[in-house]
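Next come the chains, spelled out residue by residue.
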Amino acid sequence: MQNFTFKKAVPVWESGKEDETNYNLVFRTIVPRGGATIAVAASNMYQMFVGGKMIAEGPARAGHGYYRVDEIDLGKYLTEDENIVAIYVNGYNIYNFDRIKQSAFLCAEVIKDGEIIAATGVSLPRGFEAKYHSDRLRKIVRFSYQRAFAECYTYDENYKDFECKTDAEFCAVTLVRTGEKNFITREVPYPCYDEIGAEKIICRGSVKFHDEPIDPVQNRYIDLPEKLAHFGYAKSELEMINTDEADKGEYTPEITAETAAEPLTLEPDSYAIYALPSEKTGFITLEVCADEKCELIVVFDELLTDGDVSTKRFSIQNAVIWNLAPGKYSLITNEPCSMKYIKVINKSDGKLGVKKVALTEFAFDTARFSLPEMKELGSTNDNLNRIYDAAAETFRQNTVDIYSDCPTRERAGWLCDSFFTSRVEHFLTGKSVVEKNFLENFIYKIGFDD
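Residues numbered from 1 in each chain as written. Predicted model: local features only at pLDDT ≥ 70, side-chain atom pairs only at ≥ 80, totals over all residues. Heavy atoms only, no water.

A. Representation of the overall build of the protein chain in the model. Along the backbone of the protein chain there are five helices and 25 strands. C-alpha extents for the protein chain along the principal axes are approximately 60 × 60 × 50 Å. By sequence separation, contacts in the protein chain at least 24 residues apart represent 82% of the contacts at least 6 residues apart. Accessible surface computed for the protein chain: about 20,100 Å², of which carbon and sulfur atoms make up 49%. (Helix = DSSP H or I, 4+ residues; strand = E, 2+ residues; numbered from the N terminus. Contact = heavy atoms within 4.5 Å. Areas by Shrake-Rupley, 256 points an atom, 1.4 Å probe, with all protein chains shown as cover.)

B. Geometry of the packing of helix α3 (residues 382-398) against helix α4 (residues 415-429). It is at 10 Å that the axes of α3 and α4 come closest, and there the two elements cross at 110 degrees. If you check the angle between α3 and α4, you find them roughly perpendicular. With respect to the hand of their crossing, α3 and α4 are arranged in left-handed fashion. Contacts between α3 and α4 involve Tyr388, Ala392 and Phe395 from the former and Thr421, Val424, Glu425, Phe427 and Leu428 from the latter. (Axes fitted to C-alpha atoms, helices over the stretch in contact; angles between N-to-C directions. Parallel < 35°, antiparallel > 145°, perpendicular 65-115°, else oblique. Left-handed = near helix turned anticlockwise from the far one by under 90°.)

C. Quick look at empty space enclosed by the protein. The tally for this structure, following the rule as stated, stands at five cavities of 30 Å³ or more. For the largest cavity, the calculated volume is near 200 Å³. If you go around the largest cavity, you meet 18 residues; those closest to its centre are Phe49, Tyr88, Tyr155, Glu163 and Ile332. Sorting the residues of the lining of the largest cavity by element identifies β4 (45-50), β7 (82-91), β12 (152-155) and β23 (327-332) as the ones contributing at least two each. It is β23 that provides the largest number of residues to the lining of the largest cavity, a total of three residues. In terms of residue class, the lining of the largest cavity is built from eight nonpolar, six polar and four charged. (1 Å grid on protein atoms, 1.4 Å probe; cavity = no way out; pocket = protein on both sides within 12 Å on 5 of 7 lines; lining within 4 Å. Points joined across faces, edges and corners; volume = space filled by probe spheres on them. Nonpolar A, V, L, I, M, F, W, Y, C, P; charged D, E, K, R; others polar.)

D. Structural view of α3. Between the first and last C-alpha of α3 there are 24 Å, a value that for 17 residues agrees with the 24 Å anticipated at 1.5 Å per step. Residues Asn385, Tyr388, Ala392, Glu393, Phe395, Arg396, Gln397 and Asn398 constitute the buried set of α3. At its buried positions, α3 is contacted by β20 (270-290), β24 (337-348), β25 (352-361) and α4. Between a side-chain oxygen at the N-terminus of α3 and the backbone nitrogen of Asn383 the separation is 2.9 Å; the capping residue is Asn381. (Expected span 1.5 Å × (residues − 1). Buried < 20%, exposed > 50% of the residue type's maximum accessible area, 1.4 Å probe, protein only. Polar contact = N/O pair within 3.5 Å; in protein donor to acceptor, adjacent residues only side chain to side chain.)

E. Region of the structure containing the packing of aromatic side chains. Per the stated rule, a full pass over the model turns up 24 aromatic pairs. Ring plane angle 40 degrees and centroid distance 5.0 Å describe the contact between Tyr155 and Tyr159, whose orientation is recorded as tilted. Relative to Tyr271, the ring of Tyr251 lies with its centre 5.4 Å away and its plane at 90 degrees, an arrangement referred to as edge-to-face. Highlighted residues: Tyr251 in strand β17 (residues 249-255) and Tyr271 in strand β20, separated in sequence by 20 residues. Of the residues examined, Tyr251 reaches a relative accessible area of 21% and is grouped as partly exposed. Overall, the relative accessible area of 2% leaves Tyr271 in the buried class. Through pairs of rings, three or more aromatic residues link up here, namely Phe4, Phe6, Tyr67, Phe105 and Phe183. (Phe/Tyr/Trp six-rings, centres within 6.5 Å; stacked < 30°, edge-to-face > 60°.)

F. Seen up close, the layout of surface pockets. Taken as a whole, the largest pocket spans an internal volume of roughly 1,000 Å³. Partitioned by chemical class, the residues of the lining of the largest pocket number 15 nonpolar, nine polar and eight charged. By volume, the second largest pocket amounts to about 680 Å³. Lining the second largest pocket we find 32 residues, and of these Lys53, Met54, Ile55, Tyr77 and Tyr193 sit closest to its centre. For the lining of the second largest pocket, the elements supplying multiple residues, two or more each, are β4, β5 (53-58), β6 (66-73), β20, β23 and β25. The dominant element in the lining of the second largest pocket, judged by the number of residues it contributes, is β5, at five residues.

G. Looking closely at the side chain of Asn318. Secondary-structure assignment places Asn318 in the loop between β21 (294-301) and β22 (319-324). At 2.7 Å, the side chain of Asn318 and the backbone oxygen of Phe300 are in polar contact. Residues in contact with Asn318, not counting those within four places in the same chain, are Thr243, Val298, Val299, Phe300, Asp301, Ser310 and Thr311.

Printed below as a string of structure tokens:
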């Protein structure tokens, strides 16, 4: 373990909101053209954009009371005279298996030519300003019992102003310094963010919606007792159950012949199912154009169920919703999930142009290790090669900052599972970098409060 000391930055959050449930802020600063790096730590998690493009998600997870710091080279993204670095920070504040329930904060500083030119909590040539992330629905169902919240957004034509316009108008929140934090270095490799486009469209059809309430599946994350505030919102408080919105539709397949995943136009109340080249973990990435006000529902899964993408196969909210005003949008989800199939549903009175359906990958970056085993087994038996490739891909998707149980439902670290994954890491990479971090996370915390 190595301690990390910020030179200028201090941890900050909106005054009085650091322990609110699913309370999310967006921070930004402006960085000039040329080389620069940013050091960033956050709780519970962050997603970073430069000029509207996602470049990072983190931080690497640590044990209770410790926070790992990412150090990211911004140079290749700073192509304008003034570049906006925007950081979305999720303050989940609920018990789950993925992220520790700890107070929300952001601590970040930008270094250029050896000088700190921007930092949270201090006034330099430039600091960080923040707004409440009002575009994201707050009182929403959890993604799963093991993870935090599902995603639902409401956007209009100004949805990216804060990320992309230096003169954007917004309501700034009052940031205050939070308590002291124990910062430590990241230690593990940064993940791969390759964009993987959908390979083909396997089905198109129409959908008939009804608005009558439906009874959700009664499971541990929807049917929470009213008193369990630390586990999410009670059913009576929920403003959205994502899979219910998808399940209000009756889907009729009309074109089942496979076609290339080229730009298409979805008619009102219609859908298309896209297939990636293989199952992957990452962020759903879309480019769409809505003619009319549109509820864009995207359902995803690793397998097809009776030729369709089901919301019932796992006990998860495998649906993301964007409520869009007429206009063009570049969309990306905030949380990583696993999928091969992506069902795009246009609930609208107008047409929806779909220019791109892709996944921005979030997995172990094999390019950082030049060992031949990471590329292929090299067997003359094709079945053995396929099994080997599937095993290596399973490792990649479950090994970003710790050894995860599974890359969608939980993203939790389990000591028993890690025994086997650690052997795979050493076999594939010749190193045990993630294993070292993973075990350190368990030994940092000596005891726990009642």
